[in-house]
Amino acid sequence: MWADLRRIGRDADSGGYRRYAWTGADADCRAWFREQAEARGLAHETDRNGNQWAWLGDPTAGDAVVTGSHLDSVPDGGAFDGPLGVVSSFAALDELRRRGAVFTRPLAITNFGDEEGARFGLACVGSRLAAGQLTKEQAYALRDADGVSLPAAMEAAGHDPETIGADRERLSRIGAFVELHVEQGRALDISGDPIGIASAIWPHGRWRFDFRGEANHAGTTRLADRRDPMLTYAETVLAARREAELAGAVATFGKVAVEPNGVNAIPSLVRGWLDSRAADQATLDTVVAAIEQAAKDRAQRDGVDLAVVRESFTPVVEFGHALRDEIGALLGGRAPLLGTGAGHDAGILSAAVPTAMLFVRNPTGVSHSPAEYAAEDDCVAGVLALADVVEGLACR
C-alpha cells in the first residue's frame, strides 16, 4: 500500500507531498482508496461532503466502529500525516481477517476530505461540514489563492457542491470513531513507547492580519515619508514569538502575501496568517490579544492600517474518558496518555460521536515536512494496536 501511495502528489524537487483538495493528486488518492476498499470486498461510497467510506457490514445498522484519517497534505508535507491512519486501517482489517475475527458491529474505514486546509485555508472541511460546524454558505465563500471557490473546485472534480452540509443521520450511525495518527512531536520518543493514546487537543485557531500601507518607489522615497506595512508585519512576527514563549504556548506566522510584491517597491499590503495554540482557552486568548495589541501599536507608529480576521477556531477537545479508558484496557494499559497541539478530524467529530486517537512514535518529532518519519516496526505496532482496539470494540 505504501508503495502505491508514495508516488501520488510527490514533488520531485522537495520530496514533499502536494495533495491539495479537489486537485488531480487528490483524485488519484481517492482512486487509490476506492481500489483498496474494493480489493477487500468493502462497499465504497462518497458522502455529500466528499468524504469516502469503505463499509464492512450494513452501513445503516447503526453503532458502527469507524477508523481512518485523511490523504491530503500541507504544502510539501510528509508521507505519514494522514495516510498512516488510512493505510493502518486497511492493514488492521487484514490482520483481523487473518485472526478469523467475527464482526458483531459494522466497520467503516474513512478518508475525510480537505483535512489540512492547504488549498482553501480552513482545516477539516469535510468533517466540519458533516458535523454541522461549517455551513453551506460559509463553505461557498471559501476561495483558494487563485480565486477558485470551493464549490467550483468540487464541481470541476465531479462532485455536486449543492449537496454539501450537515450529515447528522450518517453520524448517528457511528458508535465510535478511532483515528490513528503519527505523533507530531517527540513525547513517545522520549518516553520510549511505540504507541500512545490522545488525552486532549489544544484549542487552536487561524487569524489573518491585513497590514495596509502605501506603495512607493524603494529607491526614491525617504524613510521618513514611508508607510511601509512590512515593518509592521515584521514587528508582529517577533511579537508572536515573544508572547507565545512567555505564555508557554505556540504562535506562528507561516504564510504571507505581499502586494505588489516587487523587489524595488514598498508594499501597499502585507497579509500574514497567524496560527496559535495553547493548552487552555485562557492562555490562547491572552497570547492572541497580546499579538494583536503589538500589531496595533506598531501600525500606529508606521502609519499603517490594520485589520484582523479570525478565519477559523477549534476549542479544546477533551476526548471522552469512557472510550479512551476502554481503549487503554484493550491495549493492556501499556500505552501512555498524551495531549497534542495538532488538530484532527477526530477532534471535530468529538462533539457528535464518541472519538479517540492512537499515536505512533515519531523519532524526530518532525511533521508537516518531507523529513516526517516513523520506523516500520512502530508502524506495524500501530497496526496491531489498532487491530486490537477494533477487535475489542467491533468483534464482541
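Since the structure is predicted, the reported quantities are computational estimates derived from the model, not experimental observations. (Residues numbered from 1 in each chain as written. Predicted model: local features only at pLDDT ≥ 70, side-chain atom pairs only at ≥ 80, totals over all residues. Heavy atoms only, no water.)

Undergrad: Would you mind going over the sheet that holds strand β11 (residues 269–277) with me for this structure?
TA: On the basis of which strands lie adjacent, the open sheet formed by 4 strands has the order β9-β11-β7-β12 and antiparallel pairing. For this open sheet the edge positions go to β9 (250–259) and β12 (305–314), each flanked by a neighbour on one side alone. The average undirected angle you get between the axes of adjacent strands in this sheet is 15°. Running at roughly 170° to β9, helix α9 (residues 229–247) makes contact with β7 (204–212), β9 and β11 of the sheet. Across the sheet, helix α10 (residues 281–302) touches β7, β9, β11 and β12, and the angle it forms with β7 is around 5°. (Pairing = 2+ DSSP bridges. Helix = DSSP H or I, 4+ residues; strand = E, 2+ residues; numbered from the N terminus. Axes fitted to C-alpha atoms, helices over the stretch in contact; angles between N-to-C directions. Contact = heavy atoms within 4.5 Å.)

Undergrad: Would you mind showing me how to read empty space enclosed by the protein here?
TA: Gaps between atoms show up when a probe of the same size as a water molecule is rolled over them. Using the criterion set out here, one finds 2 cavities of 30 Å³ or more in the structure. What lines the largest cavity is simply W22, R30, N49, G50, G113, D114, V125, G126, L129, L150 and M154. Secondary structure elements with two or more residues in the lining of the largest cavity: α4 (125–131) and α6 (150–156). When residues of the lining of the largest cavity are assigned to their parent elements, the largest contribution, 3 residues, is made by α4. Broken down by class, the residue content of the lining of the largest cavity amounts to 5 nonpolar, 4 polar and 2 charged. Volume-wise, the second largest cavity comes out at about 30 Å³. Taken together, S73, V74, G77, G78, D81, E116 and H368 make up the full set of residues lining the second largest cavity. Class assignment of the residues belonging to the lining of the second largest cavity gives a composition of 1 nonpolar, 4 polar and 2 charged. (1 Å grid on protein atoms, 1.4 Å probe; cavity = no way out; pocket = protein on both sides within 12 Å on 5 of 7 lines; lining within 4 Å. Points joined across faces, edges and corners; volume = space filled by probe spheres on them. Nonpolar A, V, L, I, M, F, W, Y, C, P; charged D, E, K, R; others polar.)

Undergrad: Please explain the environment of W207 as it appears in this structure.
TA: Structurally, W207 can be placed in strand β7. Considered as a pair, W207 and V178 are 29 residues apart in the sequence and their alpha carbons are 30 Å apart. With residues near it in sequence (within four places) discarded, W207 still touches G272, W273, L274, S276, L284, V288, E292, V308, V309, R310 and E311.

Undergrad: Explanation requested: the nonpolar core in the structure shown.
TA: Among soluble globular proteins, nonpolar side chains are generally buried collectively. Judged by nonpolar contacts, the single largest core of 46 residues is most densely connected at W32, F33, F90, I327, L331 and L358. The set of elements that each furnish at least two residues to this core consists of α2 (24–39), α3 (83–99), β4 (107–111), β5 (174–182), β6 (195–201), α11 (321–330), β15 (355–360) and α13 (376–394). A per-element tally of this core places α13 first, with 9 residues. Other than its neighbours up to four places away in sequence, F33 contacts H44, Q52, W53, A54, L71, V86, F90, I109, T110 and N111. If you look at the next biggest cluster of nonpolar residues, it comprises 24 residues, including C124, I174, A346 and V353. (Core = buried A, V, L, I, M, F, W, Y, C linked by side-chain atoms within 4.5 Å. Buried < 20%, exposed > 50% of the residue type's maximum accessible area, 1.4 Å probe, protein only.)

Undergrad: It is not clear to me how unusual backbone geometry should be interpreted in this structure. Could you clarify?
TA: Peptide bonds are, in most cases, trans, and in most cases residues other than glycine have a negative phi. For the peptide bond that leads from E259 to P260, omega is 0°, which places it in the cis range. Residue position: P260 is located in the loop between β9 and β10 (265–266). Phi at D114 is positive, roughly 50°, even though this residue is not glycine. By relative accessible area, D114 is classed as buried at 5%.

Undergrad: Would you mind showing me how to read the packing of α3 against α13 here?
TA: The description of two packed helices rests on the angle between their axes and on the distance between the axes. Contact pair α3 / α13: the axes reach a minimum separation of 8 Å and the direction vectors enclose 60°. Taken together, the axes of α3 and α13 are oblique relative to one another. Considering the relative orientation of α3 and α13, their crossing is right-handed. Of the residues in α13, those in contact with L84, S88, S89, A91, A92, E95, L96 and R99 of α3 are C379, V383, L384, L386, A387, D388, V390 and E391. Of the residues contributing to the contact of α3 with α13, the split by class is 10 nonpolar, 2 polar and 4 charged. (Parallel < 35°, antiparallel > 145°, perpendicular 65-115°, else oblique. Left-handed = near helix turned anticlockwise from the far one by under 90°.)

Undergrad: What should I look at first to understand the packing of aromatic side chains in this one?
TA: The way to describe two aromatic rings as a pair is by their centre distance and the angle between their planes. A complete count under the given rule lists 11 aromatic pairs for this structure. Centroid distance W32 to F90: 6.1 Å. Interplanar angle 80°. Geometry classified as edge-to-face. With W32 in helix α2 and F90 in helix α3, the pair connects residues that are 58 residues apart, well separated along the chain. Judged by centre distance (6.3 Å) and plane angle (80°), the rings of F80 and Y373 are edge-to-face. Linking F80 in the loop between β3 (64–69) and α3 with Y373 in the loop between β15 and α13, this pair joins segments that are 293 residues apart in sequence. (Phe/Tyr/Trp six-rings, centres within 6.5 Å; stacked < 30°, edge-to-face > 60°.)

Undergrad: How do you make sense of the pairing of β15 when you look at a structure like this?
TA: Taken residue by residue, a regular strand's side chains alternate between the two faces of the sheet. Here β15 lies mainly inside the structure; 6 of its 6 residues are buried. Where β6 lies against β15, 3 bridges are found, and the strand directions are antiparallel. Directly across from G196, in β15, lies its bridge partner F359.

Undergrad: Quick question: what am I supposed to make of the packing of α9 against α10 here?
TA: In the contact formed by α9 and α10, the axes pass within 9 Å of each other and the chain directions differ by 155°. As judged from the angle between their axes, α9 and α10 are roughly antiparallel. Note on packing geometry: the crossing formed by α9 with α10 is right-handed. Residues L231, T232, E235, T236, A239, A240, E243, A244 and A247 of α9 form the contact with α10, whose participating residues are T283, V287, A290, I291, A294, A295, R298, A299 and D302. Broken down by class, the residue content of the contact of α9 with α10 amounts to 11 nonpolar, 3 polar and 4 charged.

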